[in-house]
Amino acid sequence: MRSLTAAWRRTRQWLADLTPRQRKAAVIATIVVTSPAWAVAAVAPQTRAPLLRLGPPALEAVAAIEAARPAGFPVGGIDLSSHDHRTFGVHWPTEVAAGSRFVYIKATEGRTYVNPHFATDYAAARATGRYVGAYVYARPDLGDPAGQAEHFLRHAKFTRDQRTLVPFVDLEWPYAGVKTDDCYNLTPAQLRAWIAAFIGRIEAGVGRKPMIYTNTNWWNPCTGNDVSYATYPLNIAGYTKQPPKLPAGWTTFAIWQYQPGDPGRRHSHDRDVAQGGEAGLRALAWPPPPGG
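What comes next concerns the included structure. (Residues numbered from 1 in each chain as written. Predicted model: local features only at pLDDT ≥ 70, side-chain atom pairs only at ≥ 80, totals over all residues. Heavy atoms only, no water.)

### Overview of the environment of Gly 55
Working step 1: Position of Gly 55 among the secondary structure elements: in the loop between α3 (45-52) and α4 (59-68).
Working step 2: We classify Gly 55 as partly exposed; its relative accessible area is 33%.
Working step 3: A C-alpha to C-alpha distance of 9.3 Å links Gly 55 and Thr 94, two positions 39 residues apart in sequence.
Working step 4: Ignoring anything within four residues of it in the chain, the contact list for Gly 55 reads His 91 and Pro 93. (Helix = DSSP H or I, 4+ residues; strand = E, 2+ residues; numbered from the N terminus. Buried < 20%, exposed > 50% of the residue type's maximum accessible area, 1.4 Å probe, protein only. Contact = heavy atoms within 4.5 Å.)

Pasting the structure below:
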């Protein structure tokens, strides 16, 4: 009883130190993460207990996340891969309190790799009421665009509902372990053909246009300024204070990744904002907008 009383005093003091906005967010985050929803949210038993022990939001991190979010974009989000579990993992109460309304999680890469944290992160994001989507890291150097797309579709957990976001296709520079040039040793014509086959298979599988994640400085030279995807939602990567220059063909973006994550720092994930706020997120869920 004495320990419970002390814990309650600490909680009351912690809440008293917050601004009204922070207090509301913290209470909601704590209620969500400690509610019975965790028990029925398809979270594996071996991961449910650690989630319940996460504790209250980290207030300094919440303030830093909110302060860094670009002006005019109130709805934030994160995207995750196995790198985010290298040291610290995801502290969901902090993300909820900081207004991270959506989460994209890497599902697959190539024809065989599956992110070992995908299922747990996906279930946890669902359980905290986030909009959730999957993404695939494209590997044009490995060929077989249809096979890579089908591997992704088998693991992406895409469902046609109002909280599942359209998948995105990650098309960008190869990471250090991929021994190719910037464009995967393909000519613009070869790369355009590969992308068309890859995206076409995913679009057929989900029944709507997937989102494309890229950067202008990769897309334009590697695809030869391809404008074929101007009507596809764009996730633009650009670590600037203002929205970055868009690739050939696009006139707007759906998601802007404005800050890269650092796996060696707690609460540091790739951070995004949604164009159009909550309405913009709903447009990326089901049903798709006309022409989407």
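Next comes the rest of the write-up.
### Examining the packing of aromatic side chains
Each aromatic ring pair is summarised here by two numbers: the centre-to-centre distance and the angle between the ring planes.
Working step 1: Tallied over the full model, the rule gives 15 aromatic pairs.
Working step 2: Centre to centre, the rings of Phe 118 and Tyr 122 are 5.3 Å apart; their planes meet at 50 degrees, and the pair counts as tilted. With Phe 118 and Tyr 122 both in helix α6 (residues 118-127), this residue pair falls 4 residues apart, about one helical turn.
Working step 3: Between Tyr 229 and Tyr 232 the ring centres are 5.2 Å apart and the planes differ by 70 degrees, which places this aromatic pair in the edge-to-face class. Neither residue differs from the other here; Tyr 229 and Tyr 232 are each classed as buried.
Working step 4: Every member of this aromatic cluster is reached through a ring pair, and the members are Trp 218, Trp 219, Tyr 229, Tyr 232 and Trp 250.
Working step 5: The positively charged end of Arg 163 is found above the aromatic ring belonging to Tyr 131, 3.9 Å away from the centroid. (Phe/Tyr/Trp six-rings, centres within 6.5 Å; stacked < 30°, edge-to-face > 60°. Lys NZ or Arg CZ within 6 Å of the ring centre and 35° of its normal.)

### A short note on the packing of helix α8 (residues 188-206) against helix α9 (residues 216-223)
Working step 1: Contact pair α8 / α9: the axes reach a minimum separation of 7 Å and the direction vectors enclose 110 degrees. Here α9 runs roughly perpendicular to α8, going by the angle between their axes. Across the interface between the two elements, Pro 188, Leu 191, Arg 192 and Ile 195 from α8 touch Trp 218, Trp 219, Pro 221, Cys 222 and Thr 223 from α9.
Working step 2: Its residues placed into classes, the contact of α8 with α9 shows 7 nonpolar, 1 polar and 1 charged. (Axes fitted to C-alpha atoms, helices over the stretch in contact; angles between N-to-C directions. Parallel < 35°, antiparallel > 145°, perpendicular 65-115°, else oblique. Nonpolar A, V, L, I, M, F, W, Y, C, P; charged D, E, K, R; others polar.)

### A closer look at the layout of surface pockets
Working step 1: Approximately 580 Å³ is the volume attributed to the largest pocket.
Working step 2: Ser 81, His 83, Tyr 135, Glu 172 and Asp 270 are, among the 28 residues lining the largest pocket, the residues nearest its centre.
Working step 3: When residues of the lining of the largest pocket are traced back to their parent elements, those giving at least two are β1 (76-80), β2 (100-109), β4 (131-137) and β5 (168-170).
Working step 4: Taken together, the residues of the lining of the largest pocket sort by class into 12 nonpolar, 7 polar and 9 charged. (1 Å grid on protein atoms, 1.4 Å probe; cavity = no way out; pocket = protein on both sides within 12 Å on 5 of 7 lines; lining within 4 Å. Points joined across faces, edges and corners; volume = space filled by probe spheres on them.)

### Comments concerning the pattern of salt bridges
Working step 1: Summed over the entire model, instances satisfying the criterion amount to 8 salt bridges.
Working step 2: With a closest N to O distance of 2.9 Å, Arg 101 and Glu 278 form a salt bridge. One end of the pair, Arg 101, is in strand β2; the other, Glu 278, is in helix α10 (residues 277-284), with 177 residues separating them in the sequence. (Salt bridge = Lys/Arg side-chain N within 4 Å of Asp/Glu carboxyl O.)

### Observations concerning the packing of helix α7 (residues 145-155) against α8
Working step 1: Between α7 and α8, whose axes approach to 8 Å, the crossing angle comes to 30 degrees. α8 is crossed by α7, and the crossing has right-handed handedness. Contact residues: Pro 145, Ala 146, Gln 148, Ala 149, Glu 150, Phe 152 and Leu 153 in α7; Trp 194, Ala 197, Phe 198, Arg 201, Ile 202, Gly 205 and Val 206 in α8.
Working step 2: In the contact of α7 with α8, the residues fall into 10 nonpolar, 2 polar and 2 charged. (Left-handed = near helix turned anticlockwise from the far one by under 90°.)

### Considering the state of the cysteines
Working step 1: Under the defined criterion, the tally for this structure stands at 1 disulfide.
Working step 2: A disulfide bridge connects Cys 183 with Cys 222, and the sulfur atoms are separated by 2.0 Å. Between Cys 183 and Cys 222 the disulfide shows an S-S torsion of about -75 degrees. By sign, it is left-handed. Of this pair, Cys 183 sits in the loop between β5 and α8 while Cys 222 sits in helix α9, and the two are 39 residues apart along the sequence. (Disulfide = S-S within 2.5 Å.)

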